[in-house]
Amino acid sequence: MAMGTASEALDSASADWVRTLSEGGRERERAAERLHQLLLRAAQAEVRRRSGLLGISGPELDDLAHQAAADAVVSVLAKVAEFRGESRFTTWAYRFVVLEVSSKIGRHFWRRPHVPLDAGQWERLPDRLGLDPSRQSEQRELMDALRRAVQDDLTDRQRTVFTALVVDGVPLDALVVRLESSWNALYKTMFDARRKLRASLVAGGYLPETPRGSR
């Protein structure tokens with residue numbers, strides 16, 4: 001009984017958002033301002049979570065959050081009629097602000113002085129992968145084999161994505177912007193690239209056939 005009541009309350013809240021944001025006048029303005037405050041808090045939390053990728057903080061980071069929240073409100077207002085109630089309205093609206101944060105972080109990354117895409121910072125890869133420096137000779141062989149596999153076994157697209165994300169440490173959001181792609185497309189490219197590289201390293205005797213911990 002209690003669960004049904006809660007569900008009805010959520011449906012009512014969503015309906016109220018849609019009604020007030022769809023109407024004109026002062027009521028719509030007040031609802032839009034409430035929505036902006038909700039999305040601004042979400043944007044601020046999201047940019048703080050990702051701030052390590054950018055190396056920025058303070059007013060610059062807060063400005064990114066405000067831009068993302070403002071643009072997300074515009075998107076929600078333009079698409080409010082498309083809301084179908086498959087989730088709470090606020091959950092649906094949060095998706096817009098997450099997308100705006102990702103887009104703005106991605107564009108911001110390329111405005112700052114940084115290595116060019118596909119720079120290939122292989123000398124930093126052992127540190128990024130957390131490899132043991134005491135096994136330097138063995139790991140140098142592994143890195144050399146990995147580099148050959150990246151060059152010989154991957155497609156141009158897979159090589160670009162793998163080198164940017166894994167070798168150069170480019171954030172996924174930034175790569176999405178630069179390649180005019182999507183998270184899902186790049187995840188799929190990385191999955192296929194890793195599978196090819198693992199097969200090559202297993203064939204060369206650099207990795208076991210069964211991943212450690214598997215049976």
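Residues numbered from 1 in each chain as written. Predicted model: local features only at pLDDT ≥ 70, side-chain atom pairs only at ≥ 80, totals over all residues. Heavy atoms only, no water.

Peer 1: Can you explain the overall build of the protein? Please cite residues and give values.
Peer 2: Broken down by element type, the protein carries 9 helices and 0 strands. Starting at the N terminus and ending at the C terminus, the protein contains elements arranged as α-α-α-α-α-α-α-α-α. Counting only residues that meet the buried cut, the protein has 37% of its 215 residues in that class. Put simply, of all contacts in the protein between residues at least 6 apart along the chain, 66% involve residues at least 24 apart. (Helix = DSSP H or I, 4+ residues; strand = E, 2+ residues; numbered from the N terminus. Buried < 20%, exposed > 50% of the residue type's maximum accessible area, 1.4 Å probe, protein only. Contact = heavy atoms within 4.5 Å.)

Peer 1: An account of helix H8 (residues 172-179) is needed here, citing residue identities and associated values.
Peer 2: An α-helix turns once every 3.6 residues. As a result, residues three or four positions apart point the same way. For H8, the buried fraction is high: 6 of the 8 residues fall into the buried class. Looking only at H8, the buried set comprises Leu172, Asp173, Ala174, Leu175, Val176 and Leu179. Of the residues one or two after H8, Glu180 is the one with positive phi, at around 50°.

Peer 1: Go over the pattern of salt bridges, please, and point to the residues and values.
Peer 2: Tallying each qualifying case throughout the model produces 10 salt bridges. Between Lys188 and Asp192 there is a salt bridge; the shortest N-O distance is 2.7 Å. Here Lys188 and its partner Asp192 are both found in helix H9 (residues 183-203), 4 residues apart, which amounts to about one turn of the helix. Using a relative accessible area of 14% as the deciding quantity, one classes Asp192 as buried. One connected set of salt bridges, linked through shared partners, spans Asp16, Arg19, Glu23 and Glu27. (Salt bridge = Lys/Arg side-chain N within 4 Å of Asp/Glu carboxyl O.)

Peer 1: Let's hear about the nonpolar core: which residues, and what values?
Peer 2: In this structure, Leu146, Phe162 and Leu175 are the most contacted members of the largest nonpolar core, which totals 27 residues. Looking at this core, the elements with two or more residues in it are helix H4 (89-111), helix H6 (136-153), helix H7 (156-167), H8 and H9. Of all the elements, H7 adds the most residues to this core, at 6 residues. Each residue touching Leu146, except ones within four places of it in the same chain, is listed here: Trp122, Leu125, Phe162, Leu197 and Leu201. Counting residues in each nonpolar core, the second largest holds 26 residues, with Trp17, Ala72, Val76 and Ile105 among its members. (Core = buried A, V, L, I, M, F, W, Y, C linked by side-chain atoms within 4.5 Å.)

Peer 1: So, the packing of aromatic side chains: which residues are in play, and what are the values?
Peer 2: For the structure on display, the rule yields 5 aromatic pairs. Ring geometry for Trp17 versus Phe89: centroids 5.8 Å apart, planes at 15°, classification stacked. Within this pair, whereas Trp17 is found in helix H1 (residues 2-22), its partner Phe89 is found in helix H4, the two being separated by 72 residues in sequence. Across the pair, exposure class does not vary: Trp17 and Phe89 are buried alike. (Phe/Tyr/Trp six-rings, centres within 6.5 Å; stacked < 30°, edge-to-face > 60°.)

Peer 1: Summarise the packing of H7 against H8; cite the residues concerned and give the values.
Peer 2: The interhelical angle for the contact between H7 and H8, taken along N-to-C directions, is 145°, at an axis separation of 10 Å. The interaxial crossing formed by H7 with H8 has right-handed handedness. Contact residues: Arg157, Thr160, Val161, Ala164 and Leu165 in H7; Leu172, Leu175 and Leu179 in H8. Classifying every residue of the contact of H7 with H8 by side-chain character gives 6 nonpolar, 1 polar and 1 charged. (Axes fitted to C-alpha atoms, helices over the stretch in contact; angles between N-to-C directions. Left-handed = near helix turned anticlockwise from the far one by under 90°. Nonpolar A, V, L, I, M, F, W, Y, C, P; charged D, E, K, R; others polar.)

Peer 1: Before we move on, could you go through helix H2 (residues 25-50) and cite the residues and values that matter?
Peer 2: Over its 26 residues, H2 extends 37 Å from the first C-alpha to the last, a length consistent with the 38 Å expected when each residue adds 1.5 Å. Taken together, the buried positions of H2 are occupied by Ala31, Ala32, Leu35, His36, Leu39, Leu40, Ala43, Glu46, Val47 and Arg50. (Expected span 1.5 Å × (residues − 1).)

Peer 1: Can you tell me about the confidence of the model for the protein, naming the residues and giving the values?
Peer 2: A residue-level look at the protein finds 79% of positions with pLDDT of 70 or above and a mean pLDDT of 81. Across the protein, element-level confidence peaks in H2 with a mean pLDDT of 92 and bottoms out in helix H5 (residues 125-129) with 65. (pLDDT = per-residue confidence, 0-100.)

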